[in-house]
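Take a look at the letters that make up each chain.
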Amino acid sequence: CMISDGAGSGEEACRDSERVLELAEKYMDTGFAMTEVTDMINSLFVAHGREQNMPTLDACIVDLAEGTVFFRKYGACDSFIRRKESIERIKNTGYPLGFSVREAKEEKGEDFSFELLNDMGCNNDKEECVYELNENDCLLMVTDGVLECFGDEKSLLKTFASMEIKDPEEAANYLMQCTIRRCGGHIRDDMTIMVGKLSSAKART
């Protein structure tokens, strides 16, 4: 599952996010691991000097055999796993794609040079973002436009926690409708909501 949110809104932001997802799918189909994929895409955006327009990448891979989920976040919003009696937060620990450090001082008129910040996702030595999933656990991934429009993360999570989720697509559509109502229909930023549910293979869902 992957979401990319381009900087700002509109056609240019859409192109940036589509490009990120296309590259990620291409590299993964080639056989690269997610950690390698995100590092390569980040390198491309740094090389093209995209420090003024940095898209995010929110990626997770679910191992259906082991019942685990691995997260890799670059400037993305927090994600949430809804369990029977609790909601677990997966925090963002990375910078947007293309984030770089200026080594030269602008006021001296020196040429800028950039240093790629490696290993910026949550898969680092300090934190391994791998979580166990149980049957009927639900995953929620959103972009910042949803949080801004909803106005209150607690209210969003309260709605998510109270829902009876049988069909993840219907759940995502319902959350989107709630979000649009909360902002009175005045949508200022692109919004994406993704809901997933781990079900038994016997249930064929």
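Structure: see above.
A few points on the structure. (Residues numbered from 1 in each chain as written. Predicted model: local features only at pLDDT ≥ 70, side-chain atom pairs only at ≥ 80, totals over all residues. Heavy atoms only, no water.)

1. Re the environment of Y95
Threshold: Secondary structure elements follow DSSP: runs of H or I no shorter than four residues count as helices, runs of E no shorter than two count as strands, and numbering proceeds from the N terminus. Exposed residues in this analysis have more than 50% of their type's maximum accessible area, buried residues have under 20%, and partly exposed residues fall in between, with area computed by a 1.4 Å probe over protein chains only.
Looking at where Y95 falls in the secondary structure, it is placed in the loop between β5 (87-90) and β6 (100-102). Looking at Y95, the relative accessible area reads 41%, which means it is partly exposed. For the pair Y95 and N42, spaced 53 residues apart in sequence, the C-alpha to C-alpha distance is 9.7 Å.

2. A short note on the pattern of salt bridges
Spelled out, the test is: Salt bridge, as used here: a side-chain nitrogen of Lys or Arg that lies within 4 Å of a carboxyl oxygen of Asp or Glu.
Throughout the structure, instances matching the rule amount to seven salt bridges. Here E88 ties to R83 by a salt bridge, and the two come within 2.8 Å at their closest N and O atoms. Judged by relative accessible area, which is 28%, E88 ranks as partly exposed. Residue K166 is joined to E164 by a salt bridge in which the shortest nitrogen-to-oxygen separation is 3.7 Å. Here K166 matches E164 in class, with each residue exposed. A network of salt bridges, in which partner residues are shared, links D78, R89 and E153.

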